[in-house]
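Structural overview
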Amino acid sequence: MSNMEIVLKEEDVYSGNVKGMIPHGRGTYKWKNGTVYEGCWEEGKMAGNGKITWSSGASYEGSWRLNIQHGFGRKQYSNSDVYDGSWREGVHEGSGKYTWCNGDMYMGSWKGGLMCGRGVMKWLNGDLFDGNWLKGDRHGTGVYRFVDGNYYFGTWTNGLKDGLGMFYPAISIRSSSSGRLGKKKASKPHSIVRSISIKKPIKGLFRDMGRISNKKISVGVSSMESSALNSTELLSHNLDEGESVDDYNSSNVVWEREYIQGVLVKERTKNNAKVLSKKEQQRIFLMEEMKRKSTLDIFESRKSNYMMLNLQLGIRYTVGKITPLTMREVRYSDFGEQARIRVYFPRKGSQSTPPHNSVDFYWKDYSFMVFRNLRELFKLDAADYMMSICGDDGLIELSSPGKSGSLFYRSHDDRFVIKTLRKSELKVLLKMLPSYYNHVQAHDNTMITKFYGIHEITPRGGKKVQFVVMGNMFYTDLRIHRHYDLKGSYYGRNTNTYNIIEATTLKDLDLTYKFHMDKSLRDALFTQINLDCMFLESQQIIDYSLLLGLHFRAPEHLKSMLEPPDAYAFNRPQNTTDDGAIFRVDRTIQPTGLLLVTHEPDSVNTAPGPHSRGSTLKAFSVGDKEVDVLLPGTGRLRVQLGVNMPAQANHKVSHDISGSTEVELFEVYDVVLYLGIIDILQEYNTRKKIEHAYKSVLHDPMSISVAPPKFYSNRFFKFLEKVFPSNN
């Protein structure tokens, strides 16, 4: 390799290291039109770190691969927009920050050049959205903060508000001139369209290296909510985001709203006095949370991006290595910390590992033969497993729902959840693994979390991070409207009401429903819960919970007010609903949102999901035959233990007294349940024994979560019997 200057055709000039008359090493290339690249080359291609300045004034400095931006880099466009973050084959992919020339800014995840995943968008006018995105639109849960202090917590679908949400008005300001309550109106968020100079992918050695193409990309919210660029148009009072609400005392009222694809279908005020008695604390919390999230450290996001890539590389390597091996029974030597694969993944690659764009790291896979057999036992195809977790779509980072500080990732197809483990949890899982293996072999319908692998990543010179791959219990096409984490204890088991959105995981004291099920379905459920509790008790495990997801079937028009079947019937006065409609209490009205029908294998998907494995359940109401649940207007689903289980959710709303008779009134909903037992890695060790003794002095021992294993399992089981009462 030598250093020289080459004058090429069309008056292009290269000076620097060459290999056989083509750029290789470090050098500078100048095109006839004024474009200049200075950096690393590999056999005539821009590769590694380098900086290019186009004749239009745009520039890029960062990582390259095969003449295309790939890795981390900063690009300043000719119109002064700036992107600083991760690239994949010439487009934004991974974590990055985009700042528009007018001052608008987005920081978060990208995919295929569009905002996708968790991110924060801050507009020039001061409005801010922090939540989930998909293909450039708000999609999923999030919070919108308006410059005037209003907040909206809710859910979006393809850029439109969809589902339940809470609107928190700012404190009204009394006008000094009129004495009326008034509020400043917020600017309407708009669709942002920018003309961006993007380098074309280079085909051949130097072909088209100086040409610049202009593309328009749309980044931001849905065009249905768009206004002109840099518009200062104010919202009118139209019940949309940022609206003014005059002539009411906002210190006592918040608004609960329900949208269907951007259309407001229901709105009601809720008394917020109890919440706002701590108004200052709430305001500080919200502002600090927004401030923290809106100043996300891009380098921390980069570390997370490396971690996800390392996981994919390691899992692909391990599964690909052991799948061709002949299937055999597990042995004693297949368990424990010493039963592992350990591989080094350098960036440049090795004989057994591919080159990659992450940091050098060590990969460790525990009990790989055990988990290979478990995946076979769970009827999970190895190729499907790798495609789900290791495919090009990557992993999605989730915020932690608990207090453990664990990081959570989800596969792009929702089938699997990956959680970081504490060292103590890793030890418990490895110790429990032989018994766990025997338990899931013996009980096809187990409700316990399904584990698919235990892995460890150690960046060169960094700290070890352990992971476990689990099945997603909420893997379904149906929308999960409510999430509950139920332990059977009640001290501290509630959620702050002002911070609840649809994706919030609620707790024991937040549950106001009782679920009535078919007799055979309920019997099967509690038979298995009892077996699983006995197993966890034998392993000295506590602090586990039942994760419960509810899908409501058209709750508004299917809701009816019912008396218990044995209640005395008599005429009652008319009642008025929120929208002014009048109805009479009628115990003969039943919800009709779903039906139990005889199982037809050809009519439903019978492939096991990441959480389900057992047989189709039998229902007493259809002659003790295997059943499917039929959802009018939606589809037909196979009923398994913990998956697609139909029930009626009863919610007591009031007492009605007439003369000497008192009758309870209920709201009744048709629901589809998804449930399973999670968090099974806390052992009742010395630290937990001390915690139990200390808290028992301060609080009712029945109320605290930490308790001896036998007591914990009995309390857990009895609590669930009340949640799912018998119809006998």
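As recorded by an unreviewed UniProt entry, the protein carries the name Phosphatidylinositol 4-phosphate 5-kinase and is attributed to Lactuca saligna.

By the definition in use, this model includes 24 salt bridges. Residue E267 pairs with R257 through a salt bridge whose shortest N-O separation is 2.7 Å. Here R257 lies in strand β21 (residues 253-260) and E267 lies in strand β22 (residues 263-271), a separation of 10 residues in the sequence. When its relative accessible area of 26% is taken as the criterion, E267 is described as partly exposed. Among the ionic pairs, D508 bridges to R493, the shortest N-O distance being 2.7 Å. Highlighted residues: D508 in the loop between β31 (505-506) and β32 (514-516) and R493 in the loop between β30 (482-486) and β31, separated in sequence by 15 residues.

As a further point, take a nonpolar patch on the surface. A contiguous nonpolar surface patch, about 370 Å² in accessible area, is contributed by Y490, L509, M702 and F711. With respect to the helices, strands and loops of the structure, L509 is situated in the loop between β31 and β32.

Bringing unusual backbone geometry into the picture now. In terms of backbone geometry, most residues other than glycine have negative phi values and most peptide bonds are trans. Positive phi, normally seen in glycine, also occurs at S80, with a value near 80 degrees. Positionally, S80 belongs in the loop between β7 (68-76) and β8 (82-88). We classify S80 as partly exposed; its relative accessible area is 44%. Non-glycine residue E89 carries a positive phi angle of around 50 degrees. With respect to the element layout, E89 can be found in the loop between β8 and β9 (91-99).

What follows concerns the packing of helix α7 (residues 519-538) against helix α10 (residues 709-723). It is at 9 Å that the axes of α7 and α10 come closest, and there the two elements cross at 165 degrees. By the criterion of interaxial angle, the relationship of α7 to α10 is roughly antiparallel. Crossing geometry of α7 relative to α10 is assigned as right-handed. For the pair α7 and α10, contact is made by R522, F526, I529, N530, C533 and E537 and by P709, K710, S713, F716, F717, L720 and E721, respectively. In terms of residue class, the contact of α7 with α10 is built from seven nonpolar, two polar and four charged.

Turning our attention to a positive patch on the surface. A contiguous patch of positive charge, built from R340, R342, K423, K427 and K464, is present on the exposed surface. Where the positive patch is concerned, the elements lending two or more residues are β23 (340-345) and α6 (423-442).

This paragraph deals with the nonpolar core. In this structure, Y436, F515, L673, I680 and F724 are the most contacted members of the largest nonpolar core, which totals 109 residues. By residue number, the principal contributor to this core is α6, which donates nine residues. Those residues in contact with L673, other than ones at most four positions away along the chain, are F515, L548, G549, L550, G642, V643, N644, M645, A647 and F724. Core analysis: the second largest hydrophobic core is formed by 32 residues, Y29, M46, W110 and W255 among them.

Attention now moves to α10. Here α10 is 15 residues long and its end C-alpha atoms lie 21 Å apart, about the 21 Å a rise of 1.5 Å per residue gives. If you check which residues of α10 are buried, you get P709, Y712, S713, R715, F716, F717, F719, L720 and V723.

Okay, the sheet that holds β23 next. One open sheet holds the seven strands; their spatial order is β23-β24-β28-β29-β27-β26-β25, and the pairing between them is antiparallel. Strands at the two margins of the open sheet, each flanked by one partner only, are β23 and β25 (395-398). Across this sheet, the average inter-strand angle for adjacent strands is 25 degrees, counted without regard to direction. Taken together, the six bridges between strand β27 (residues 416-421) and strand β29 (residues 465-471) define a ladder with antiparallel strand orientation. Bridging across to β29, L421 finds its partner in Q466. Contacting β25, β26 (408-411), β27, β28 (451-459) and β29, helix α5 (residues 382-390) crosses the sheet at an angle of about 70 degrees to β27. Against the sheet, α6 makes contact with β24 (361-366), β27, β28 and β29, and its axis sits at roughly 125 degrees relative to β27, the strand it touches most.

The next point concerns the packing of aromatic side chains. In total, this model carries 46 aromatic pairs according to the counting rule given. With centroids separated by 5.3 Å and ring planes inclined at 85 degrees, the aromatic side chains of F552 and Y669 adopt a geometry described as edge-to-face. Taken together, the residues span a long stretch of sequence, with F552 in strand β34 (residues 545-552) and Y669 in strand β43 (residues 661-678) at a distance of 117 residues. Its relative accessible area of 11% is what places Y669 among the buried residues. The ring of F129 has R138 sitting right over it, with the charged end atom 5.4 Å from the ring centre.

So, about the environment of S109. Summarising the element assignment, S109 is placed in strand β10 (residues 105-111). Taking the C-alpha atoms as reference, S109 lies 8.4 Å from W133; in sequence the two are 24 residues apart. Once residues lying within four places of it in the same chain are set aside, the contact partners of S109 are G94, S95, L114, M115, C116, G117 and R118.

Running from N to C, α6 and α7 point in directions that differ by 160 degrees, and their axes come no closer than 11 Å. With respect to their mutual orientation, α6 and α7 come out roughly antiparallel. For the pair α6 and α7, the sense of crossing is right-handed. Facing α6, whose interface residues are M432, S435, Y436 and H439, α7 presents Q528, L531, D532 and F535. Of the residues assigned to the contact of α6 with α7, the class counts are four nonpolar, three polar and one charged.

A few words on the environment of Y317. Here Y317 is to be found in helix α3 (residues 298-322). The exposure class assigned to Y317 is buried, which follows from its relative accessible area of 18%. Spatially, the C-alpha atom of Y317 lies 7.7 Å from that of T353, the residues being 36 residues apart in sequence. If we ignore the near neighbours within four places in the chain, the residues touching Y317 are I341, V343, F345 and S352.

Turning our attention to the side chain of H692. You can see H692 is positioned in helix α9 (residues 686-698). For H692, a relative accessible area of 17% gives the class buried. A distance of 3.2 Å separates a polar side-chain atom of H692 from the backbone oxygen of V706.

The rules behind these values
- Residues numbered from 1 in each chain as written.
- Predicted model: local features only at pLDDT ≥ 70, side-chain atom pairs only at ≥ 80, totals over all residues.
- Heavy atoms only, no water.
- Salt bridge = Lys/Arg side-chain N within 4 Å of Asp/Glu carboxyl O.
- Helix = DSSP H or I, 4+ residues; strand = E, 2+ residues; numbered from the N terminus.
- Buried < 20%, exposed > 50% of the residue type's maximum accessible area, 1.4 Å probe, protein only.
- Patch = residues over 30% accessible without salt bridge, like charges linked within 9 Å, V, L, I, M, F, W, Y side chains within 5 Å.
- Areas by Shrake-Rupley, 256 points an atom, 1.4 Å probe, with all protein chains shown as cover.
- Axes fitted to C-alpha atoms, helices over the stretch in contact; angles between N-to-C directions.
- Parallel < 35°, antiparallel > 145°, perpendicular 65-115°, else oblique.
- Left-handed = near helix turned anticlockwise from the far one by under 90°.
- Contact = heavy atoms within 4.5 Å.
- Nonpolar A, V, L, I, M, F, W, Y, C, P; charged D, E, K, R; others polar.
- Lys, Arg positive; Asp, Glu negative; His and termini not counted.
- Charge placed at Lys NZ, Arg CZ, Asp CG, Glu CD.
- Core = buried A, V, L, I, M, F, W, Y, C linked by side-chain atoms within 4.5 Å.
- Expected span 1.5 Å × (residues − 1).
- Pairing = 2+ DSSP bridges.
- Phe/Tyr/Trp six-rings, centres within 6.5 Å; stacked < 30°, edge-to-face > 60°.
- Lys NZ or Arg CZ within 6 Å of the ring centre and 35° of its normal.
- Polar contact = N/O pair within 3.5 Å; in protein donor to acceptor, adjacent residues only side chain to side chain.

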